[in-house]
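# Structural overview for review
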Amino acid sequence: MTTFRRPPAPWDPSTAHRFLTDDGAALHVNATGPADAPVTLVLVHGWTQDHRTWDGVVERLDPSLRVLRYDLRGHGGSAPAKRGTATIDRLADDLAELITARAPEGPLVLAGHSMGGMTIMKLAERHPELVRDRVAGVAFVATSSGQMDRITLGLPGIAGNGAATFERRLAKMLARQRRDALPLRPAMVRPGARFLVFGEHPRRADVDSVTEQLLCAHPASVAGFQDAISRHDCRVALAALRGTPAVVLVGERDRLCPVAHAKVIADELPHAEFVRYPGAGHMLPQERAAEVATRLRALTRSASFSSL
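Note that the structure is predicted; figures quoted are calculated from it, not measured.

### A closer look at the pairing of strand β4 (residues 66-70)
The element β4 is extensively covered by neighbouring structure, given that five of its five residues are classed as buried. A two-sided burial pattern is seen for β4, the buried positions comprising R66, L68 and Y70 on one face and V67 and R69 on the other. Strand direction decides the pairing type here: strand β3 (residues 40-44) and β4, joined by four bridges, are parallel. Following the sheet pairing, L43 is matched in β4 by R69.

In structure tokens, the structure reads:
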């Protein structure tokens, strides 16, 4: 059966699009804008997706802004997560290493969607000096600080109570996969993706993009990260970001990281701007690309002024 999985590129240390972590994982990196820009915006994607999540946002940003995107291990064009490394802790360490190597100076604005937001929270916990000294703005986009093992997918009663059990069974099935990609056709995946992660009236191109990215993800890695997400608990870690300019964005029809989860983050960051998007689901970088770009432009402008 046809899948979207791209063959992994051979590691070449001279290639700007590849980055090797300290445990040997090769990550696919996409950087745009001048290297000497006053502020670097780092965009971190979510579970089963890759750097293309942010395409619609990036095309609406100032081209003079330095933007750093990458595929998390086990996703997109990056190498699969080795045994024991499909954890949020390891993602935070990858992010710290990438920043040190590819954006070693100047203020940073970090934006994380879904598991990407969780990665930024864990970065604050594991690398507090980096966050304190460099991070001048943060955007939490359709994400959660914990209790992801209790989600109901927006379903009522027994169906909602069984959502977490379904996810655990799905993760076990994926963990047994020995393939680099799921042997599924896009038409088999598209209806489920549309229901789970989109709100009202999604564009066909956005549903196709989410489906394609999912089919590029490494199944066993995805399973490991699903387990890590269910155990994620970073509410206390958010204290390290109090005082940092922040926005918390959520779709009112988000089934995966619902409004209540976003509200917890906003409560821990009382200075943050809390924005709810009626009709939108989980994929705000696609569903509300223009609005997300507007919030990120404001954060980067603020960071530029503060660096003068």
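### Overview of the environment of E287
On the secondary structure map, E287 appears in helix α11 (residues 284-287). The exposure class of E287 is buried, given its relative accessible area of 15%. Taking the C-alpha atoms as reference points, E287 and D206, separated by 81 residues in sequence, lie 7.8 Å from one another. Separated by 3.0 Å, the side chain of E287 and the backbone nitrogen of G281 make a polar contact.

### Side note on the pairing of strand β5 (residues 108-113)
Burial analysis of β5 places six of its six residues in the buried class, which makes it a mostly covered element. In β5, alternate side chains face the same way, and those of L108, L110 and G112 on one face and V109, A111 and H113 on the other are all buried. Judged from the six bridges that link them, β5 and strand β6 (residues 135-141) form a sheet pairing that is parallel. Bridging across to β6, V109 finds its partner in G137.

### Quick notes on the sheet that holds β6
Taken in spatial order, the eight strands of this open sheet run β1-β2-β4-β3-β5-β6-β7-β8, and their pairing is mixed. The sheet is open, and its two edges are formed by β1 (18-20) and β8 (273-277), each paired on a single side. Within the sheet, the average angular offset between the axes of one strand and its neighbour, ignoring direction, is 20°. Where strand β2 (residues 26-32) meets β4, four bridges bridge the pair, whose relative direction is antiparallel.

### Section: the nonpolar core
Residues Y70, L95, L110, L123, F140 and L269 are the most contacted members of the largest nonpolar core, which totals 57 residues. Per-element accounting of this core gives the leading share, seven residues, to helix α2 (residues 88-102). The contact partners of L123, leaving out residues within four places of it in the chain, are A92, L95, A96, L110, P128, L130 and V131. If you look at the next biggest cluster of nonpolar residues, it comprises 27 residues, including L41, V57, A139 and A289.

### Focus: helix α8 (residues 204-216)
Given a rise of 1.5 Å per residue, 13 residues ought to cover 18 Å, and the 18 Å separating the end C-alpha atoms of α8 matches this to within 8%. Those residues of α8 that sit buried are D206, V207, V210, T211, Q213, L215 and C216. Tucked inside the fold, the buried residues of α8 contact α7 (186-197) and α11.

### A few points about the environment of R242
For R242, the location among the structural elements is in the loop between α9 (219-231) and β7 (246-251). Under the relative-accessibility criterion, R242 is labelled partly exposed at 47%. If we skip the residues at most four places from it in the chain, R242 touches E268, L269 and H271. At a separation of 2.7 Å, a polar atom in the side chain of R242 contacts the side chain of E268.

Calculation rules
- Residues numbered from 1 in each chain as written.
- Predicted model: local features only at pLDDT ≥ 70, side-chain atom pairs only at ≥ 80, totals over all residues.
- Heavy atoms only, no water.
- Buried < 20%, exposed > 50% of the residue type's maximum accessible area, 1.4 Å probe, protein only.
- Helix = DSSP H or I, 4+ residues; strand = E, 2+ residues; numbered from the N terminus.
- Pairing = 2+ DSSP bridges.
- Polar contact = N/O pair within 3.5 Å; in protein donor to acceptor, adjacent residues only side chain to side chain.
- Axes fitted to C-alpha atoms, helices over the stretch in contact; angles between N-to-C directions.
- Core = buried A, V, L, I, M, F, W, Y, C linked by side-chain atoms within 4.5 Å.
- Contact = heavy atoms within 4.5 Å.
- Expected span 1.5 Å × (residues − 1).

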